[in-house]
Amino acid sequence: MRIVLLGAPGSGKGTQAKLLSEKYRIPHVSTGDLLRANLAAGTPLGLQAKAAMDAGQLVSDDLVLAIIRERLKNPDAKKGFILDGFPRNIPQANALDAMLRNIAQPLDAAILMEVDFDILMQRLTGRRTCENCGAAYNVYTNPPRLEDQCDRCGGPLHHRADDNEETIGNRLRVYEGQTKPLIGYYRDQGRIETVDAVGDVKDILKRMIAVLDPIAKGQRKVIVPVKPVPVPKASKAAAMLKVDPKAAKAALKPGAKAAAKPVAKAAPAKVQAKAKPKAKKPEPKKAKKKEVKKKDKHKKKDKKHKKDKKKKHKKK
Ligand code: AMP
């Protein structure tokens, strides 16, 4: 199963991705985690990404795509994966589609996790994570028993550097401007599924599983929605069909019977100017014969007239 988790920062993508990764035994691939790991290890890639991450802006597509390409080459990604925080914009989604097309393993679905803005703010500012085991807490909604200490392993709790109000504001703005258009992108592909991501983590997980089980079993079909074709205006339709615009208008009216008749094509001006004069039509044969007969009659009359004249002359 190959899926993308979509949602604003704080919508719980990371938390759900971890749980779903255990259930479906496919890797959870988070570009945010990969970037933070690079940053912690002081790699050149991590150092390059630092400024953008600290400001709550997107790291360059080139960097993120290089990380994703490497990660998806791992053998564990052959069975599928859950992408969290990637893609973050349309160019990244296009690149992912191309990558998956190359290996003939298209995405199965994009799951949109929906959460109201106010809840997002509370989740982000109150978020704490155990540095040791990765357990997630929230000081408002799911506080640890002891402040700054993990209930599970006693490890220290960490407050992410970019979970301060100023950076959070930037991250939400980036989401609205660049990541949200992905909802339409995947909707057009027939791949979007929406899950209400408010409430208890376990309840949200149940909703996620209800959507993902059919996908894991190969029962979900990707049905690309057909966009309605706009009805062209009469003048446009006329131009397209080379018909009389008035006739086109009439034909486009509801209940119109006859289709508009094409207008005879006029010859281009140059051709018209050069056109040879029309050859005279040959006269019908009958008319020609009559003419010949007439001429003969006249000839005979003339001869007779001349003979009579000669006779008269002789008599004199
Ligand atoms: P996240 O943990 O997913 O909230 O990501 C933390 C930060 O890492 C983001 O605010 C970005 O600066 C950077 N980041 C993570 N994923 C991406 C991505 N797909 N494209 C660009 N920047 C990213």
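So, a few notes on the structure that sits alongside this text. (Residues numbered from 1 in each chain as written. Predicted model: local features only at pLDDT ≥ 70, side-chain atom pairs only at ≥ 80, totals over all residues. Heavy atoms only, no water.)

1. Quick look at the overall build of the chain
The helix and strand inventory of the chain stands at 13 helices and eight strands. Within the span of the chain, comprising 316 residues, buried residues form 35% of the whole. In the chain, of all internal contacts separated by at least 6 residues, the share reaching a separation of at least 24 is 67%. (Helix = DSSP H or I, 4+ residues; strand = E, 2+ residues; numbered from the N terminus. Buried < 20%, exposed > 50% of the residue type's maximum accessible area, 1.4 Å probe, protein only. Contact = heavy atoms within 4.5 Å.)

2. Section: the pattern of salt bridges
Applying the stated criterion across every chain yields a total of six salt bridges. For Glu70, the salt bridge identified is with Lys73, shortest N-O distance 3.3 Å. With Glu70 and Lys73 both in helix 4 (residues 61-73), this residue pair falls three residues apart, about one helical turn. Given the relative accessible area of 48%, Glu70 is considered partly exposed. Exposure remark for Lys73: the relative accessible area of 57% places this residue in the exposed category. (Salt bridge = Lys/Arg side-chain N within 4 Å of Asp/Glu carboxyl O.)

3. Looking at the site of the ligand
Taken together, 16 residues form the shell around the ligand, and within it Thr31, Arg36, Gln57, Gly85 and Gln92 come nearest. A distance of 3.3 Å separates an oxygen atom of the ligand from a polar atom in the side chain of Arg160. For the ligand, the accessible surface in isolation is 480 Å², of which the surrounding protein chains cover 95%. Looking at which element gives the most residues to the shell around the ligand, the answer is helix 2 (residues 31-41), with four residues. Across the shell around the ligand, the residue classes break down as six nonpolar, five polar and five charged. (Near = heavy atom within 4 Å. Polar contact = N/O pair within 3.5 Å; in protein donor to acceptor, adjacent residues only side chain to side chain. Areas by Shrake-Rupley, 256 points an atom, 1.4 Å probe, with all protein chains shown as cover. Nonpolar A, V, L, I, M, F, W, Y, C, P; charged D, E, K, R; others polar.)

4. Re the packing of aromatic side chains
Under the defined criterion, the tally for this structure stands at one aromatic pair. Sitting above the plane of the Tyr24 ring, Lys23 keeps its charged end 5.3 Å from the centroid. (Phe/Tyr/Trp six-rings, centres within 6.5 Å; stacked < 30°, edge-to-face > 60°. Lys NZ or Arg CZ within 6 Å of the ring centre and 35° of its normal.)

5. Description of the sheet that holds strand 4 (residues 109-114)
Spatially, the five strands line up as an open sheet ordered 2-3-1-4-8, and their pairing is parallel. Every other strand in the sheet has two partners, leaving strand 2 (28-30) and strand 8 (192-196) as the edge strands with one partner each. With direction set aside, neighbouring strand axes in the sheet form an average angle of 25°. Sheet topology note: the strand 1 (residues 2-6)/strand 3 (residues 81-84) ladder contains four bridges and is parallel. Residue pairing across strands places Arg2 opposite Phe81, the latter belonging to strand 3. Here helix 2 sits on the sheet and contacts strand 2 and strand 3; the angle it forms with strand 2, its principal contact strand, is near 65°. (Pairing = 2+ DSSP bridges. Axes fitted to C-alpha atoms, helices over the stretch in contact; angles between N-to-C directions.)

6. Observations concerning the sheet that holds strand 5 (residues 127-130)
The strand order 6-5-7 describes an open sheet built from three strands, whose pairing is antiparallel. Looking at strand neighbours, the two that pair on one side only are strand 6 (136-138) and strand 7 (157-158), the edges of this open sheet. As paired elements, strand 5 and strand 6 share three bridges and run antiparallel to each other. The residue bridging Arg127 from the neighbouring strand is Asn138, located in strand 6.

7. Focus on the side chain of Arg2
Structurally, the position occupied by Arg2 is in strand 1. No salt bridge is formed by the buried Arg2; the nearest opposite charge belongs to Asp108, separated by 4.2 Å. When sequence neighbours within four positions are dropped, the list of residues in contact with Arg2 reads Gly80, Phe81, Gln105, Pro106, Leu107, Asp108 and Ala109. (Lys, Arg positive; Asp, Glu negative; His and termini not counted.)

8. Some details on helix 9 (residues 201-216)
Here helix 9 spans 21 Å end to end across 16 residues, near enough to the 22 Å set by a 1.5 Å rise per residue. Taken as a whole, helix 9 carries its principal kink of about 30° at Ala210; the proline Pro214 stands between one and four residues after it. Taken together, the buried positions of helix 9 are Ile204, Leu205, Met208, Ile209, Val211, Leu212 and Ile215. Where helix 9 begins, the capping side chain belongs to Asp200, and its oxygen is found 3.1 Å from the backbone nitrogen of Lys202. Just beyond helix 9, the residue with positive phi is Gly218, at close to 75°. (Expected span 1.5 Å × (residues − 1). Bend = angle between axes of the 7 residues up to and from the residue.)

9. Observations concerning the packing of helix 5 (residues 90-102) against helix 8 (residues 181-188)
Two elements in contact, helix 5 and helix 8, have axes separated by 10 Å at closest approach and are oriented at 35°. Residue-level inspection shows Ile90, Ala93, Asn94, Leu96 and Asp97 of helix 5 in contact with helix 8, the latter providing Pro181, Leu182, Tyr185 and Tyr186. Residues belonging to the contact of helix 5 with helix 8 are distributed by class as follows: seven nonpolar, one polar and one charged.

10. Describing the pairing of strand 3
In the case of a regular strand, side chains alternate between the two sheet surfaces. Taking every second residue as pointing to the same face, both faces of strand 3 are buried, with Phe81 and Leu83 on one and Ile82 and Asp84 on the other. Examined bridge by bridge, strand 2 and strand 3 share three bridges and lie parallel to one another. Counterpart to Val29 in the pairing with strand 3 is Leu83.

By themselves, these are just geometric observations and shouldn't be taken as functional.
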